[in-house]
Amino acid sequence: MLDNHLPKLLPYVPFSSWNRVAGGFFSRHGGRSRTPFAALNVSYGVGDDPSQVDSNRKLIKEALGLNCLVSARQVHGDEIAVIDTPVADDHEHSGFDALITNQPGVGIMIQQADCQAVVLYDSKKRVVANVHAGWRGSVANIVAKTIEEMNSQFGCEPSQIKAAISPSLGPCCAEFVNFAVELPESFHQFQITPNYFDFWAITRSQLQDAGVIPGNIQAAGVCTRCDHNYFSYRRTPSTGRCATVAALG
Ligand SMILES: [Zn+2]
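All figures in this text were calculated on a predicted structure; none of them were measured in a lab. (Residues numbered from 1 in each chain as written. Predicted model: local features only at pLDDT ≥ 70, side-chain atom pairs only at ≥ 80, totals over all residues. Heavy atoms only, no water.)

Once that is clear, we can look at the side chain of Arg 28. Within the secondary structure, Arg 28 is located in the loop between strand 2 (21-26) and helix 1 (50-64). No salt bridge forms around the buried Arg 28; measuring N to O, its nearest opposite-charge neighbour Asp 227 is 8.9 Å away. Those residues in contact with Arg 28, other than ones at most four positions away along the chain, are Pro 36, Ala 38, Ala 39, Leu 40, His 228, Asn 229, Tyr 230, Phe 231, Arg 235 and Cys 242. (Helix = DSSP H or I, 4+ residues; strand = E, 2+ residues; numbered from the N terminus. Buried < 20%, exposed > 50% of the residue type's maximum accessible area, 1.4 Å probe, protein only. Lys, Arg positive; Asp, Glu negative; His and termini not counted. Salt bridge = Lys/Arg side-chain N within 4 Å of Asp/Glu carboxyl O. Contact = heavy atoms within 4.5 Å.)

The following block contains the structure:
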């Protein structure tokens, strides 16, 4: 059973008012991992005990009532995995930074510590996507590429798509001293103070350029470096990864 209001075992923020989609932005609390990965680390790639990661992922599945959890070994690229056949077991794909599915009960998970997870949902076509967008993903505009893939694979119209941006590095902490070489000129308008950029606004802009209606975009507006309820790579380089999970009910 999937219900945004049922799972209270782990603290997380649900995607408000989204009909028949479960999931949310999980904090670092409620899991089994120990310092520096305490507690709800979902990454196998940061040095944590894999059995603790298994336990944490199981807790998330149970909390959301999911059949299985599909994730990706993210590489800050722009490859998109499409899951359009039934999945029986948990699986971690290699080399993808976005996941799309039309399969009910399959939780698609992005792992992040400062990067954005952007969840996309088309309630008409019943398709959900979860996108990992660090600054390299923003430069590659992986959000727009994922919307294009939703359209070409499943006929999703951008005007029907709702989007939710996870807690991530806020404009208060997104310092890019090498922005002149790292970020394209089109991003320079989002520099709010010298060397500091608003990547939430960049994602909003990319979503709108891709055809998403502004009223259908919500952002948590929480900076992971400032808010100690989340893992932050910029605050503590050796740390865990938080989960953002979405699943069709
Ligand atoms: Zn901050």
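Read on for the rest.
Right, let's talk about the coordination of the zinc ion for a bit. Looking at the metal site, the zinc ion is ligated by Cys 172 (SG), Cys 173 (SG), Cys 223 (SG) and Cys 226 (SG), spaced 2.3 to 2.4 Å from it. Coordination at the zinc ion comes from four donor atoms whose angles at the metal span 103 to 117 degrees, giving a geometry best classed as tetrahedral. Read from N- to C-terminus, the donor residues coordinating the zinc ion fall into the pattern C-C-x49-C-x2-C. Within this pair, whereas Cys 172 is found in the loop between strand 10 (161-165) and helix 4 (179-182), its partner Cys 226 is found in the loop between strand 13 (217-219) and strand 14 (242-248), the two being separated by 54 residues in sequence. Classification of Cys 172 by relative accessible area gives partly exposed; the value is 47%. (Donors = N, O, S within 2.8 Å, 3.2 Å for Na, K, Ca; no water. Tetrahedral: all angles 85-135°; square planar, octahedral: opposite > 155°, others 65-115°.)

Quick look at the pairing of strand 14 now. Burial runs high along strand 14: seven of the seven residues are buried. The alternating pattern of strand 14 places Cys 242, Thr 244, Ala 246 and Leu 248 on one face and Ala 243, Val 245 and Ala 247 on the opposite face, and all of these are buried. Here five bridges tie strand 2 to strand 14, and the two strands are oriented antiparallel to one another. Looking at strand 14, one finds that Phe 25 is bridged to Thr 244. The pairing of strand 7 (residues 106-112) with strand 14 spans five bridges and is classified as antiparallel. The residue of strand 14 that forms the bridge with Gln 111 is Ala 243. (Pairing = 2+ DSSP bridges.)

Turning to its location among the elements, Asn 56 is positioned in helix 1. The class of Asn 56 is buried, set by a relative accessible area of 0%. Setting aside chain neighbours within four positions, we find Asn 56 in contact with Gly 31, Arg 32, Ser 33, Ala 39, Leu 40 and Asn 41.

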